[in-house]
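This is what each chain is made of:
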Amino acid sequence: MFVLLDILSAASAWAMFFVYRKYFIEPDKFGYQVPIELNRSFFLGLMYIPIYWVILYFLSGQYKNIWRNSRIKEVSSTFSITIFGVVLLFFLLLLDDEVKSYQAYYKTIITLFTLHFCFTILPRLLISSYIIKLLRNRKIGFNTIVIGNNQRTLDLVNEIEQNNNTEGFLLKGFANQNTQIENHVLHNRLNFLGIYNDLPTLIEKNNIEEVIIGIESSSHQELNVITNLLEDEQVSLHIIPDLYDMRSGNVKVSNVTGFALIEINQDVMPQWQKVVKRIIDILASIFVFILFLPVYLFVSIAVKASSSGPILFKQIRIGFKGKPFYIHKFRSMYIDAENEGPLLSKKNDKRITPVGKILRKYRLDEIPQFYNVLIGEMSLVGPRPERKFFIDQIVLLAPHYKHLLRVKPGITSWGQVKYGYAENVEQMVERLKFDILYIENRSIAIDVRILIYTILIILQGRGK
């Protein structure tokens, strides 16, 4: 419905803009009234201009979480994307128009912006107002579980139940570590669903969509346990802030009547950057396959001549959302390298062939992974994928390793650039902090910087 309304709005705005140009811009240019003819360009505009706008809205994430958008956010996001879209349309389609003076360009941009923004925002505001009305009357909402056992959680529950609940929280119950229900400040207000160690089960059983954490933000260990448990769950996560959080600027509310909550955004990369990142992955993979074809042939011959065994080596690794896949490399070890079980490579590792040492030094053994990138199993930049054997050991020391599975693994990573290849599990854990930093700050700009540093490492032969 939202897409259909945007298509109708964009088509209507473009039709009105077409009439405006015929009535005001072209007569000013030619000196006489130009008849309005619904020609081929008019119908092509009605066909392609709405598609153009829908693509922009999709790339900017406008169709994501539409049931949770406030009217203020709707106006601001529509305003900004309309400015960008109108300016881009002007340079693509309207800049070459013959006009009497440059002032006609200003009129053109202002008119197109005004028409498109007004035609688009009015139905959106009507829909947003209708949704807010349904939320306030609790005719629709999002099943919510509260985690905690303190006065702050009780105060928030009272506020949600007594005030206009425009966030749509439908409180289904609470969870806590303590199973003694009579000791809970919430036991007379909400159903006790269970202990938070069972959160995945509780979420599935009660169709939970929102989680509100009332544990003190200074209790880092408990917060880490809970966020790790929720890593694979499709829920929105909020934390009740304390005074320190408010003063530090961590608390964000989308409207003045909203509750003061810290929203943990697990998806920091905008939708348009995700699309651009995937396009870059595909184009770079195709480019490398074509440009490095002679290198493939040369390395293949060298690997085959260095020792018996296949040219390519494949191994099961754990990828996006814990899905296993086969990673591909040029073989750099002897074929019986892991007869005694999984081992990490070390400095002066005797299992590595003479040719393999050169391949690893310049990271040429990684080139076949561009195939994994091309088919979408990996990306150019992302945490290096590991084997389940080592992941099980890492999680015992660092449970937050699961955060790495939120994104596709990569050929290169921030951790690999800053720390290099790990020789043991402890070094893997040490490298982990750089990959966590990447996930919490990922962007196209960060990817470009990592790729540049990786290229420098390759050219300097600092791989291992």
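Check the entry above for the structure.
Criteria and cut-off values
Residues numbered from 1 in each chain as written. Predicted model: local features only at pLDDT ≥ 70, side-chain atom pairs only at ≥ 80, totals over all residues. Heavy atoms only, no water. Helix = DSSP H or I, 4+ residues; strand = E, 2+ residues; numbered from the N terminus. Buried < 20%, exposed > 50% of the residue type's maximum accessible area, 1.4 Å probe, protein only. Contact = heavy atoms within 4.5 Å. Areas by Shrake-Rupley, 256 points an atom, 1.4 Å probe, with all protein chains shown as cover. Pairing = 2+ DSSP bridges. Axes fitted to C-alpha atoms, helices over the stretch in contact; angles between N-to-C directions. Phe/Tyr/Trp six-rings, centres within 6.5 Å; stacked < 30°, edge-to-face > 60°. Lys NZ or Arg CZ within 6 Å of the ring centre and 35° of its normal. Patch = residues over 30% accessible without salt bridge, like charges linked within 9 Å, V, L, I, M, F, W, Y side chains within 5 Å. Salt bridge = Lys/Arg side-chain N within 4 Å of Asp/Glu carboxyl O. Expected span 1.5 Å × (residues − 1). Arc of directions from axis to C-beta.

### Considering the overall build of the protein
- Along its length, the protein carries 16 helices and ten strands.
- Taken over 464 residues, the protein has a buried fraction of 46%.
- Sequence-distant contacts, at least 24 apart, represent 71% of the contacts inside the protein between residues at least 6 apart.
- Counting only carbon and sulfur atoms, one obtains 62% of the accessible surface of the protein, whose full area is about 25200 Å².

### Some points on the environment of phenylalanine 142
- Relative to the elements of secondary structure, phenylalanine 142 occurs in strand β1 (residues 142-147).
- The class for phenylalanine 142 is buried, based on a relative accessible area of 9%.
- In sequence terms phenylalanine 142 and valine 235 are 93 residues apart; their C-alpha atoms lie 9.9 Å from each other.
- Residues in contact with phenylalanine 142, not counting those within four places in the same chain, are Trp67, Arg68, Leu135, Glu167, Gly168, Phe169, Leu170, Glu209 and Glu210.

### Concerning the pairing of β1
- The buried fraction of β1 is high, at six of six residues.
- Burial along β1 is two-sided: Phe142, Thr144 and Val146 facing one way and Asn143, Ile145 and Ile147 facing the other are all buried.
- Across six bridges, β1 lies against strand β2 (residues 169-175) in parallel orientation. Directly across from isoleucine 147, in β2, lies its bridge partner alanine 175.
- Pairing between β1 and strand β4 (residues 210-213): four bridges, direction parallel. Counted as the bridge partner of valine 146 is isoleucine 212 from β4.

### Remarks on the sheet that holds strand β5 (residues 236-239)
- The mixed open sheet is built from six strands, whose spatial order is β3-β2-β1-β4-β5-β6. In this open sheet, the two edge strands, each paired with only one partner strand, are β3 (192-194) and β6 (262-264). Averaged over all pairs of adjacent strands, the angle between strand axes in this sheet comes to 35°, irrespective of strand direction.
- Each of β1, β2, β3 and β4 is contacted by helix α6 (residues 199-206), which is oriented at about 150° to β1, the strand it contacts most.

### Structural notes on the pairing of β5
- On β5, burial covers both faces: Ser236 and His238 on one face and Leu237 and Ile239 on the other are all buried.
- Pairing analysis gives four bridges linking β4 to β5, with the strands arranged parallel. When the sheet's bridge partners are listed, isoleucine 213 is paired in β5 with isoleucine 239.
- In this structure, β5 lies alongside β6, joined through three bridges in antiparallel fashion.

### Points about the side chain of histidine 403
- With respect to the helices and strands, the residue histidine 403 is situated in the loop between α13 (388-397) and β10 (410-412).
- According to the relative accessible area criterion, histidine 403 is buried, its value standing at 12%.
- Beyond its immediate sequence surroundings of up to four residues, histidine 403 is in contact with Thr227, Asn228, Glu231, Ile436 and Ile439.

### Some thoughts on the packing of aromatic side chains
- Counting across every chain of the model gives 15 aromatic pairs.
- Between tryptophan 14 and phenylalanine 17, the aromatic rings sit 5.4 Å apart at their centres with planes inclined by 45°, giving tilted as the arrangement. With tryptophan 14 and phenylalanine 17 both in helix α1 (residues 2-30) and three residues apart, the pair spans about one turn of that helix. The pair tryptophan 14 / phenylalanine 17 is uniform in exposure class, with both members buried.
- Through a chain of ring-to-ring contacts, the aromatic side chains of Tyr52, Trp53, Tyr57 and Tyr63 assemble into a single cluster.
- Over the aromatic face of tyrosine 57 sits the side chain of arginine 124, whose NZ or CZ is 4.5 Å from the ring centroid.
- Stacked on the ring of tyrosine 326, the Lys or Arg lysine 314 has its end atom at 4.5 Å from the ring centre.

### Digging into a nonpolar patch on the surface
- A contiguous nonpolar surface patch, about 590 Å² in accessible area, is contributed by Val19, Tyr23, Phe24, Ile36, Leu38 and Phe43.
- With respect to the helices and strands, phenylalanine 43 occurs in helix α2 (residues 40-59).

### Describing the environment of serine 236
- Position of serine 236 relative to the elements: it lies in strand β5.
- Beyond its immediate stretch of four places on either side in the chain, serine 236 contacts Arg68, Glu209, Glu210 and Val211.

### Looking at helix α9 (residues 271-291)
- The first and last C-alpha atoms of α9 sit 30 Å apart over 21 residues, in line with the 30 Å expected at 1.5 Å per residue.
- When we look at burial in α9, the residues that qualify are Gln273, Lys277, Asp281, Ala284, Ser285 and Val288. When α9 is viewed along its axis, its buried side chains cluster within an angular range of 110° and face the same direction. Exposed residues pointing more than 90 degrees away from the buried face of α9 are listed as Leu283, Phe287 and Ile290.
- The elements touched by buried residues of α9 are α10 (293-306), α12 (369-374), β9 (379-381), α15 (425-441) and α16 (444-460).

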